[in-house]
Number of protein chains: 2
Amino acid sequence: MEGYRGHPVAGDGAYIARACELAARAIADAAPNPPVGAVIARGGMTLGEGYHHRRGEPHAEVEALRAAAGAGADVRGATAYVSLEPCNHHGTTGPCSEALIAARIARVVVGARDPNPTAAGGIARLRDAGIDVEITADPTALALIERFAYWIGAPIPFVTLKMAMSLDGVIAPWPGGNFALTGAPARERVRDLRFEHDAVMVGAGTIRIDDAQLTVRPHRTRRKPYERVVVCETDAVPVGSRVFAAPNTAPSGAYARTIVLAPGGQREHFAALEPVADVVYAGAPDATLLDLAAALRALRQRGIASVLCEGGPTLAGRLLERQLVQRIVWFVAPRFLQTPQAVPVLTGADLTRAANGWRFDRVERVGEDMLVSARVGHV
Amino acid sequence: MEGYRGHPVAGDGAYIARACELAARAIADAAPNPPVGAVIARGGMTLGEGYHHRRGEPHAEVEALRAAAGAGADVRGATAYVSLEPCNHHGTTGPCSEALIAARIARVVVGARDPNPTAAGGIARLRDAGIDVEITADPTALALIERFAYWIGAPIPFVTLKMAMSLDGVIAPWPGGNFALTGAPARERVRDLRFEHDAVMVGAGTIRIDDAQLTVRPHRTRRKPYERVVVCETDAVPVGSRVFAAPNTAPSGAYARTIVLAPGGQREHFAALEPVADVVYAGAPDATLLDLAAALRALRQRGIASVLCEGGPTLAGRLLERQLVQRIVWFVAPRFLQTPQAVPVLTGADLTRAANGWRFDRVERVGEDMLVSARVGHV
């Protein structure tokens, strides 16, 4: 079958969309690998579909080829649609480029190039073998690997900062209140975000004030245990905090031991937490103030590739000040909460010197609330 | 021609959209009347179009009938599309319902019902005359008369509160700075808003700090002079403020004398402004603090039916606190500006007791910024 080098074919978009849909099924479980989906099709007929379930298991292309073989389909001369460039290296599985060549696939449509220098090269290998390769740079395919594309080249996880505020930039009309600012649909969306990130993180103040549990309710099954992280800039949090209790509504093992990030020089102050939490001392051994970048590096070394930070205002300000945030997700409630004691969405930071270029790329109504999201602009 | 009572006809939407487009041409000039547009059509052919140019001039329906007659078209049996219910009263012009009946129009499609109890009744009159009437309740048609629908039954103007802030609810990183927060497209949108409202209004602080001129640059011709209002809660503003100077880039007469709203009991403190401004003393004759509701009533009595308030944070807070705002227009810049001296978007108010139900109904990117808008929810 003659390929159409450099020319998209009608229907390509729909198949790449389907490949992205399949990829998204493992958005939480594939990490630290990127989620990938694949479809093998010919003449408007799908011959096989697959996605990468988790690290160590077959890649999407191999899953799709196996599904086609299982259905007795002949894939010779067919087109493979993959949300991400097929890998070209011997990692925990063999190179997908070779599997596609061996199966005599005639054409490969790729949603996004692989940002991983170790695994990339699949497109070149396929073309060397005479296979027609099309790269669509599909926005959905690029969004799927946004976190992966960052952490693969960075010493820290991809940090998404999620905050909810009123139209006047307030999170509570007075300090200390556990204030329900947004509606149920927004809270459901936050649950999705928790599920999609390798870890959820809050500052010590949020634990002290809200005694947040940081669970996903109702429970959503996830192959990797949920990771919860408490950032203690100086002092420890109470040992009886609910974040340290195993949530009794979820299956045993669904939650990992909560991680506490503590300053390297505060070991004696955090000793009491060691029986209930995984206390990680970061930064210099005499530091009494947490080095946030060092703390994030420690998370990355433990295999946490993406973090959803849910505040509070002090931690949010610190992360922005130190330019450690890659994406912001802002829920804005349609109300005003100004009072003389109001708690602003960010506190204690001086952000005039921090990188201030953000690019809005998502906006939508979520119930009665508004969700705006922006990516750091690298300006 | 047989009408299709109660059933929309293909193409109705496009004609109503066109009627709304025509109406919008006079959005500034028709006030205090609502803007109205009309199209007479038959069999997919437009016979005549018109809109209400300004109070005292013919209504849209009459303009459209005249245009059709001028073109030698026979309108008998045709359909009239009007963005607003035809009037049924003898105001400064005759009732449009009678004009349509006399012209033997067979069918009338109405974008929005007339909220004015004095003028309404046109639909009933048309139906009594055997004319088929369809009401589409088109969102664009309803948006066109939003301000009119409010002030026709209220003792104060429709107040739109427009503010621009950073993602952390800040308008400037430190007090006193004239800080360009949003981009050129957002500033252009503000110019449109100034043009569409009967008056633009700011607090004394904005005059003292920014020395704002409140003009529309580049100048946009407008039949009614631009009205500028300065709200002085207690003290006067400097007599040399630029808002009192006749803008020398605009045609003479384009700007009315600036209105200063002053507390009833502060006459001697505002006497110095009387030569340069139209000082309106509102509220009780011994009041030293401005009664905002009384001040807005005074504007309404002077024929100002809609006001665009552009802050600052104190006036914005006061207006919200007293529930005098009907729509908010919030520009959000994709940046963070928190500092220990940051100026929040609202100050000095306690909004926990004010009506807090707002409904987001518009959101869009404007250049690099985000615009969200909400209507008060009357909860």
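Reading the values: the criteria
Residues numbered from 1 in each chain as written. Chains lettered and ligands numbered in written order. Predicted model: local features only at pLDDT ≥ 70, side-chain atom pairs only at ≥ 80, totals over all residues. Helix = DSSP H or I, 4+ residues; strand = E, 2+ residues; numbered from the N terminus. Rg over C-alpha atoms; globule rule 2.2 N^0.38 Å. Buried ≥ 20, exposed ≤ 12 C-beta atoms within 10 Å, placed from the backbone. Contact = placed C-beta atoms within 7 Å. Nonpolar A, V, L, I, M, F, W, Y, C, P; charged D, E, K, R; others polar. Arc of directions from axis to C-beta. Least-squares fit on C-alpha atoms with pLDDT ≥ 70 in both. Pairing = 2+ DSSP bridges. Axes fitted to C-alpha atoms, helices over the stretch in contact; angles between N-to-C directions. pLDDT = per-residue confidence, 0-100.

Visitor: So what about the overall build of chain A? Which residues, and what values?
Guide: Counting its regular elements, chain A contains 11 helices and 16 strands. The globule rule puts the C-alpha radius of gyration for 379 residues at 21 Å, and the 23 Å found for chain A is close to it. Taken along its principal axes, the extent of the C-alpha atoms in chain A is 70 × 45 × 40 Å. When the 379 residues of chain A are sorted by exposure, 50% land in the buried category.

Visitor: Outline the interface of chain B and chain A, supporting the account with residue identities and numerical values.
Guide: On the side of chain A, 34 residues touch chain B, which itself brings 34 residues to the contact. Elements represented by at least two residues in the side of chain B that touches chain A include exactly α11 (313-321), β13 (327-333), β15 (358-366) and β16 (369-376) of chain B. With five residues, β15(B) is the single largest residue contributor to the side of chain B that touches chain A. Counted by class, the side of chain B that touches chain A contains 23 nonpolar, six polar and five charged residues.

Visitor: Explain helix α10 (residues 292-301) of chain B to me, and be specific about the residues and the numbers.
Guide: Residue and element names in this part refer to chain B. When α10 is considered as a whole, its buried residues turn out to be L292, A295, L296 and L299. One side of α10 carries all its buried residues, which in axial view fall inside an arc of 95°. Where α10 terminates, the next one or two residues include G303, which has phi positive at roughly 90°.

Visitor: Account for the relation of the copies chain B and chain A, naming residues and giving values.
Guide: In this arrangement, two copies of a chain are superimposed by a rotation about an axis accompanied by a shift along the axis. Here chain B sits on chain A after a turn of 180° about the axis and a move of 0.1 Å along it, with an RMSD of 0.1 Å. Considering both components of the superposition, the chain copies are consistent with a two-fold axis. Residue G169(B) of chain B places its C-alpha closer to the rotation axis than any other residue of that unit, at 2.1 Å. With an isologous cut-off of 70% or more, the 100% of interface residues of chain B that recur at the interface of chain A puts this contact in the isologous class.

Visitor: Could you give an account of the pairing of strand β2 (residues 45-51) of chain B, with specific residues and numbers?
Guide: Summarising burial for β2(B): five of the seven residues are buried, a large majority. A loop of two residues connects strand β1 (residues 37-42) of chain B with β2(B), the two strands running antiparallel in sequence, and G43(B) in this loop sits at a positive phi of about 55°.

Visitor: Explain unusual backbone geometry residue by residue, including any values.
Guide: With an omega of -5°, the peptide bond between R217(A) and P218(A) qualifies as cis. Along the chain, P218(A) falls in the loop between α8 (204-210) and β9 (227-231). Backbone torsion omega between G311(A) and G312(A) reads 0°, so that peptide bond is classified as cis. Mapping G312(A) onto the fold places it in the loop between β12 (306-309) and α11 (313-321). If you check the backbone angles, A137(A) has positive phi at about 50° while not being a glycine. Position of A137(A) relative to the elements: it lies in the loop between β5 (132-135) and α5 (139-144). A positive phi angle, near 60°, is found at L214(B), a position not held by glycine. With respect to the secondary-structure elements, L214(B) resides in the loop between α8 (204-210) and β9 (227-231). Take L214(B): there are 24 C-beta atoms within 10 Å of it, and that puts it in the buried class.

Visitor: I'd like a description of the environment of R222(B), backed by residues and values.
Guide: Residue and element names in this part refer to chain B. With respect to the helices, strands and loops of the structure, R222 is situated in the loop between α8 and β9. On the basis of neighbour counts, which here come to 16 C-beta atoms within 10 Å, the residue R222 falls in the partly exposed class. Sequence-wise, R222 and L181 are 41 residues apart; in three dimensions their C-alpha atoms are separated by 28 Å. Among all residues touching R222, those that are not within four sequence positions of it are A28, D29 and F195.

Visitor: Explain the sheet that holds strand β5 (residues 132-135) of chain B residue by residue, including any values.
Guide: Residues and elements named next belong to chain B. Strands sit in the order β2-β1-β3-β4-β5 across an open sheet of five strands; the sheet is mixed. Strand pairing shows two members of the sheet lacking a second neighbour, β2 and β5, which therefore form its edges. The mean inter-strand angle of the sheet, taken between neighbouring strand axes irrespective of direction, is 15°. As paired elements, β1 and β2 share six bridges and run antiparallel to each other. Residue pairing in the sheet places V39 in a bridge with E49 of β2. Sheet strands touched by helix α2 (residues 60-70): β1, β2 and β3 (79-84). Its angle to β2, the strand with the most contacts, is close to 135°.

Visitor: Describe the sheet that holds strand β11 (residues 278-282) of chain A, and please don't skip the residues or the numbers.
Guide: Residues and elements named next belong to chain A. One open sheet holds the nine strands; their spatial order is β11-β10-β9-β8-β12-β6-β13-β16-β15, and the pairing between them is mixed. With one partner strand each, in any of the chains shown, β11 and β15 (358-366) form the two edges of the open sheet. Here the strands of the sheet are splayed against their neighbours by 25° on average, with no regard to which way each runs. When β15 meets strand β16 (residues 369-376), the two strands line up antiparallel, connected through eight bridges.

Visitor: Just give me the short version of the environment of A204(B), but keep the residues and values in it.
Guide: Residue and element names in this part refer to chain B. Position of A204 among the secondary structure elements: in helix α8. When the C-alpha positions of A204 and T46 are compared, they lie 51 Å apart, and in sequence the two are 158 residues distant. When near neighbours in sequence (up to four residues on either side) are disregarded, A204 contacts V230, V231, C232, E233, D235 and V237.

Visitor: Break down the pairing of β3(B) for me, citing the residues and quoting the values.
Guide: Residues and elements named next belong to chain B. Across the six residues of β3, six count as buried, placing the element largely inside the fold. Note that β1 and β3 share four bridges and pair antiparallel. Among the inter-strand pairings, V39 is bridged to a residue of β3, identified as Y81.

Visitor: Which residues make up the confidence of the model for chain A, and what values go with them?
Guide: All names here are of chain A. Taken as a whole, chain A shows an average pLDDT of 91; of its residues, 95% reach a score of 70 or greater. Note that pLDDT drops below 50 for residues 1-6; the model gives that stretch eight contacts with residues more than four away or on any other chain. Here the prediction assigns the complex a pTM of 0.90, and the interface score ipTM is 0.88.

Visitor: Just give me the short version of the environment of D286(A), but keep the residues and values in it.
Guide: Residues and elements named next belong to chain A. Relative to the helices and strands, D286 resides in the loop between β11 and α10 (292-301). Classification of D286 as exposed rests on a count of 9 C-beta atoms within 10 Å. Separated by 103 residues in sequence, D286 and G183 have C-alpha atoms that sit 44 Å apart. The residues contacting D286, other than those within four sequence positions of it, are G264 and G265.

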